[in-house]
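Fold and contact review
Residue-level listing of the chains:
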Amino acid sequence: MEIFFQQIINGLVQGSVYALVALGYTMVYGILGLINFAHGEVVMIGAMVALAALQALLAAAIAPVLAVLLSLMAAVAVCMALGYGIERIAYRPLRNAPRLAPLITAIGVSIVLQNLAMMIWGREYHSFTLPFTNDSHHLGGAVMNDVQIVIVIVALLIMAGLMWLVHHTRTGRAMRAVAENPAAATLMGVDINRVISVTFMLGSALAAIAGFMVSANYGIVHYYMGFMLGLKAFTAAVLGGIGNLRGAMVGGVLLGLIESLGAGYIGDLTGGFLGSHYQDVFAFFVLIAVLVFRPSGLLGEKLAERA
Amino acid sequence: MANTLLEVLDLKVSYGGIQALKGISLTIAQGELVTLIGSNGAGKTTTLKALAGLLHPTSGKLHYQEQSLLHIPAHQRVANGISLVPEGRGIFARLTVEENLLMGAYVRSDRAETAADLERQYALFPRLAERRTQLAGTLSGGEQQMVAMARALMSHPTLLMLDEPSMGLAPLMVEKIFETIRDISVQGVTILLVEQNAKLALEAAQRGYVLESGAITLSGAASELLGSDAVQRAYLGA
């Protein structure tokens, strides 16, 4: 039973991160019908920038709390600019191209960003340690530390904020209108390009925060970290129903839980034949199962036939 | 003509090699209700889309309030007072009725005025007031047409363009929609009405243009067109 609670906690923490990243995939898909496969790399850039900024600020003897907040803000700012730039340079010229072209471009952008990060920060793992003690708390046999508590709370607040923005502001209304009918939105006076830019920037800001969270939780950053994380968050978005914001959140948390419970019990279930390092298998098992049995995802609407 | 609001000169539009408009010219004066009639594929919708900025003409001139529209993108034309209710209505099915109307006021920044405008639309279309929190996609065709018109009015248009407002509606609803069009016109909004139902359109309008395969073949006072043999034969089934 202790393992169960522990895995639930781990799953919630990891699921919160997946949810934030999945929101970026789903927002862009909702508006452009594009899977932005470079999104995972934006998470990685966020983590790298946060680490670089944190080290520089601490070296300059800035107070730890302030340094953490400033480095997070730096990561968010850089990622927003990056998200804006990616859309502007790589996707906008292909707005009316066949769907395969932007998809391949997305993979290209992802490779470019990975290599760029490798050139700047090298191939080695960097340790990411926060400048405060990270106390552990015992909750009925399971352990949850400060960082994990903060991750879950911050993720919840951000998701609530995003839902409020999308459903109760003029910009959010315009985003939903553009997602549904871009031509009609134009007739209302909405500058579609501006809405698309805002969407990319919002998604990238969430990616930066997720990058910071995942680095703080695992204590490690690496130029390749965005690949697997991105793929799993994409799976989470598909699980919830791609294009659906609530779906991305539910899918993210659910995938985190499935993965961590799976990893916790796979040893027992297979009599020790498979170990917890098979954790990644679960995400892709889920992806395949969803695509086969419910392609529209848990909360998704039926997919319209596209010509 | 006094107070010309819109002047179109020799407008040509092509899609992928096919010339949909072969050089049409028309004028609309401030406050007029003008109709553009013609059969399917004559280029009526193309004309409206070009005026709204959704299509780019290959040549020709578009003057609105004595300024060229050609280089003004579609989304800015709304702020200049040009509003199109597109064919098929283009409502946002997953937004509520009220959110649809608020989208109509997207270019307006005055919140108090927008709230007053909302109430005005609800007074004009009481049915929408009852359904303000309902998703627009769940409404009937006639109600959706009301949403589309009310939404366009929310932008305070100077020139309101309506593309086939009667399409797919029950006769009673068509009557109601046309009544509303006349009301809007009486309030001083200039209207360009595209219709397949030529009789209804000519009865409502002051002037009309007949469009055939991308060219204007007839124009004049609506009452004259209504009585002309050519229109009678081609569009009124006489």
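Residues numbered from 1 in each chain as written. Chains lettered and ligands numbered in written order. Predicted model: local features only at pLDDT ≥ 70, side-chain atom pairs only at ≥ 80, totals over all residues.

Focus: the overall build of chain B
We apply this condition: Put simply, DSSP H or I for four residues or longer makes a helix, DSSP E for two residues or longer makes a strand, and each gets a number counted from the N terminus. Every radius of gyration here is taken over C-alpha atoms, with the globule rule written as 2.2 Å times N^0.38, N being the number of residues. Backbone-placed C-beta atoms define the burial measure: a residue is buried with 20 or more other C-beta atoms within 10 Å of its own, exposed with 12 or fewer, and partly exposed in between. Contact between two residues is assigned when their C-beta atoms, built from the backbone, lie within 7 Å.
Along chain B, the regular secondary structure elements total 10 helices and 10 strands. The C-alpha atoms of chain B give a radius of gyration of 17 Å, which matches the 18 Å a tight globule of 238 residues would have. Dimensions of chain B, computed from the C-alpha atoms along their principal axes, are close to 45 × 40 × 40 Å. Classification of the 238 residues of chain B by burial places 45% in the buried group. A separation threshold of at least 6 residues defines the contact pool for chain B, and within that pool the share at least 24 residues apart is 66%.

A closer look at the confidence of the model for chain B
Counted only if it meets this: Residue-level confidence of the predictor is what pLDDT reports, using numbers from 0 through 100.
Of the residues in chain B, 98% reach a pLDDT of 70 or more, and the chain-wide mean stands at 92. Scoring the predicted complex yields pTM 0.91 and, for the interface, ipTM 0.92.

Quick word on the confidence of the model for chain A
With 97% of its residues at a pLDDT of at least 70, chain A reaches an overall mean of 93. Taken together, the stretch residues 303-307 of chain A has pLDDT below 50 and engages in two contacts with residues farther than four places along the chain or on a different chain.

Observations regarding the sheet that holds strand β9 (residues 207-212) of chain B
By way of backbone hydrogen bonds, the strands of a sheet pair with one another, either parallel or antiparallel. Residues and elements named next belong to chain B. Condition: Think of it this way: DSSP has to see at least two bridges between two strands before they count as a pair. Angles here are taken between N-to-C directions and fall from 0 to 180 degrees, while the axes themselves are lines fitted to C-alpha atoms, restricted in helices to the stretch in contact.
The six strands are arranged β6-β7-β8-β3-β9-β10 in an open sheet whose pairing can be described as mixed. Among the strands making up the open sheet, the edge pair consists of β6 (82-85) and β10 (215-221). The average undirected angle you get between the axes of adjacent strands in this sheet is 15°. In this sheet, β9 lies alongside strand β3 (residues 33-37) in parallel orientation, the contact comprising four bridges. Note on β9: the bridge partner recorded for V34 is R207. The strands touched by helix α1 (residues 44-52) are β3, β6, β7 (159-163), β8 (190-195) and β9; relative to β7, the strand with the most contacts, the crossing angle is about 150°.

A few points about the environment of I107 of chain A
Residue and element names in this part refer to chain A. If you trace the backbone, I107 turns up in helix α4 (residues 100-121). Given 12 C-beta atoms within a 10 Å radius, I107 is considered exposed. Linking I107 and I149, residues 42 residues apart in sequence, is a C-alpha distance of 34 Å.

A look at helix α3 (residues 97-104) of chain B
Buried residues dominate α3 of chain B, accounting for seven of its eight residues. The complete set of buried residues in α3 of chain B reads V97, E99, N100, L101, L102, M103 and G104 of chain B. Against the buried residues of α3 of chain B lie α6 (170-180) of chain A together with α4 (111-124), α5 (126-130) and α6 (141-153) of chain B.

Here's the deal with the interface of chain A and chain B
Which entries qualify depends on this criterion: For this classification, the nonpolar set comprises Ala, Val, Leu, Ile, Met, Phe, Trp, Tyr, Cys and Pro, the charged set comprises Asp, Glu, Lys and Arg, and every other residue, Gly included, is treated as polar.
The interface is formed by 14 residues belonging to chain A together with 20 residues belonging to chain B. Counting residues per element, the ones that place at least two in the side of chain A that touches chain B are α6 and α7 (182-187) of chain A. The element that contributes the greatest number of residues to the side of chain A that touches chain B is α6 of chain A, accounting for five residues. Looking at the side of chain A that touches chain B residue by residue, the class counts come to seven nonpolar, three polar and four charged.

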